[in-house]
Amino acid sequence: MAKTKTLTEGTPWKLLLSFSIPILIGQVVQLFYSLVDTKVVGATLGELALASVGSVSTLYNLTNGFANGLTMGFAIIIAMYFGRKDEKNLKKAFAADILLSLVIIAVVIVGLMLFLRPVLGLLHVPEEQMEMSVSYISVLIVGLFATVLYNMFANALRALGDSVTPLIFLIIAALTNVVLDYGFILGFGMGVEGAAWATVISQILSVVLCFLRVRRKFPVLHVSASDFRLERGMVSELVKSGLSMSLMSCLVSFGTVSLQSAINQMGTAVIVAHTATRKLFEIIMVPSMVLSAAMATFSGQNYGAGRLDRIRAGLKSALLIGLGWSGIAIALIYLTANYLIRFIASSSNPEVIYWGVTYIRLNVLFLIVCLCVCVLRNTMQGFGNRKIPVISSLIELVGKVIFAFALAPVLGYWGIIWSEPVVWFAMVIPLAVSTVRTFRRNGV
């Protein structure tokens, strides 16, 4: 039997680091095989193909974020039961997690496939890219079944304190993705659709491996027919937590989609620059995402155990770690941005390089603000405060829509570049105020 790990005992910063490192490696690996897709498509199929992938990447990030947010929200409830040492209800929660994840993602897939072309029209995907974009994103949308199942297993295991098992299978999937990328694109000449199939098949492999591991080593997640007899109160808590996390992610992504809609009207060079730069910024954001995921589990377990004092200590540690990373990231970007954008975009086009470097150098200066937003939102979700994180995400959506449709037409790509730093400052204020009030109200 594999060992679970409680985060309710021990030094918070040490626990956060030991729990976060496997997630960090996993996030890097996940971004790596996303980067491989981008690199292979750009290097073998050209700028038009890369632009067709980039013009719909925000839509895929939206759906992928929804799947991860949904299962992470469910996993917070599992973490609470684990913190209370309530194995019976933990099993019931995991059974409900399985059913709810599959039903909800099925509805999402059907809806997206029915209205795919109108959605891409709203994104202003250029006509010359439309067919390639449709063939690429269609495969990824259908493959959301694999995405949600992997996230379900991975987040449930992390809720039990095991962040290593999901990492191992993610690495295997990433290596598989690299091989399939070259095989499908170069060997079989499948174009951008081949890159999508490589991603989906790799995810299916990781799902199978996670399932086998859980069946053999994690009896606490073994569910029987009786566990699937859903209880209204538990389902209500799961739905509130899952939809709150997924809504938070979707509001963020909808804002990004609105920006992409404006970007798609600025020409191929800007689309390529933004596609490459977002890939780079996603890598820089990995520690923020990792600390956020770690704090969701840490907060959930300790909230279940009634230890808000530990949540506060953990939050301080996470923010200090994030501050250190922000300094390192700024130095790295200012030294290497020009080379990294050129490499990721597989382009020497001066316009692509200029806009890519300009975007990343400005945004990285405000990385610590973005990190505070991410960590505070997930911490609050972990101790049951779902309202303020969603409000914060709504602020992000409104802010990005304003920049996309009011400022970008006037300022051009500069309007896109400045959108996120301004929005991050607006978001962090209600989160910080609400967090401080929660701790004071509980005498912490």
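Residues numbered from 1 in each chain as written. Predicted model: local features only at pLDDT ≥ 70, side-chain atom pairs only at ≥ 80, totals over all residues. Heavy atoms only, no water.

**Q** So what about the packing of helix α11 (residues 286-304) against helix α14 (residues 367-382)? Which residues, and what values?
**A** It is at 7 Å that the axes of α11 and α14 come closest, and there the two elements cross at 25°. Relative to α14, the element α11 is oriented roughly parallel. In this structure, α11 crosses over α14, and the sense of that crossing is right-handed. For the pair α11 and α14, contact is made by Ser-288, Met-289, Leu-291, Ser-292, Ala-293, Met-295, Ala-296, Ser-299, Gly-300 and Tyr-303 and by Leu-367, Leu-371, Cys-374, Val-375, Asn-378, Thr-379 and Gly-382, respectively. Residue classes in the contact of α11 with α14 are distributed as 10 nonpolar, seven polar and no charged. (Axes fitted to C-alpha atoms, helices over the stretch in contact; angles between N-to-C directions. Helix = DSSP H or I, 4+ residues; strand = E, 2+ residues; numbered from the N terminus. Parallel < 35°, antiparallel > 145°, perpendicular 65-115°, else oblique. Left-handed = near helix turned anticlockwise from the far one by under 90°. Contact = heavy atoms within 4.5 Å. Nonpolar A, V, L, I, M, F, W, Y, C, P; charged D, E, K, R; others polar.)

**Q** Tell me what's going on with the side chain of His-274, and back it up with residues and numbers.
**A** Along the chain, the position of His-274 falls in helix α10 (residues 268-284). Residues within four places of His-274 in sequence aside, it is in contact with Gln-260, Ile-263, Tyr-359, Tyr-413 and Ile-416.

**Q** Which residues make up helix α13 (residues 350-364), and what are the values?
**A** Between its first and last C-alpha, α13 extends 21 Å over 15 residues, near the 21 Å set by a 1.5 Å rise per residue. In terms of residue burial, α13 counts as a mostly covered element, since 11 of its 15 residues are buried. Looking at α13, one finds that the buried residues are Val-352, Ile-353, Trp-355, Gly-356, Val-357, Thr-358, Tyr-359, Ile-360, Leu-362, Asn-363 and Val-364. Buried positions along α13 lie against α10, α12 (308-345), α14 and α16 (413-441). Among the residues of α13, the N-terminal cap falls to Asn-349, whose side-chain oxygen and the backbone nitrogen of Glu-351 are separated by 2.9 Å. (Expected span 1.5 Å × (residues − 1). Buried < 20%, exposed > 50% of the residue type's maximum accessible area, 1.4 Å probe, protein only. Polar contact = N/O pair within 3.5 Å; in protein donor to acceptor, adjacent residues only side chain to side chain.)

**Q** So what about the packing of α12 against α13? Which residues, and what values?
**A** Remark: α12 packs on α13, axes separated minimally by 9 Å, with the N-to-C direction vectors making an angle of 155°. The angle between α12 and α13 places the two elements in the roughly antiparallel class. Seen along the crossing, α12 lies across α13 with a hand that is right-handed. Counted together, Ala-329, Ile-330, Ile-333, Tyr-334, Ala-337, Asn-338, Ile-341, Arg-342 and Ala-345 of α12 and Val-352, Ile-353, Gly-356, Val-357, Ile-360, Arg-361 and Val-364 of α13 form the full contact between these two elements. Split by residue class, the contact of α12 with α13 holds 12 nonpolar, two polar and two charged.

**Q** An account of the packing of aromatic side chains is needed here, citing residue identities and associated values.
**A** In this description, a pair of aromatic rings is defined by centroid distance and the angle of the planes. For the coordinates displayed, the defined rule picks out nine aromatic pairs. Note on Trp-355 and Tyr-413: the rings are 5.3 Å apart at their centroids and 80° apart in plane angle, and the pair reads as edge-to-face. With Trp-355 in helix α13 and Tyr-413 in helix α16, this residue pair connects regions lying 58 residues apart in the sequence. Judged by relative accessible area, Trp-355 falls into the buried class, the value being 15%. (Phe/Tyr/Trp six-rings, centres within 6.5 Å; stacked < 30°, edge-to-face > 60°.)

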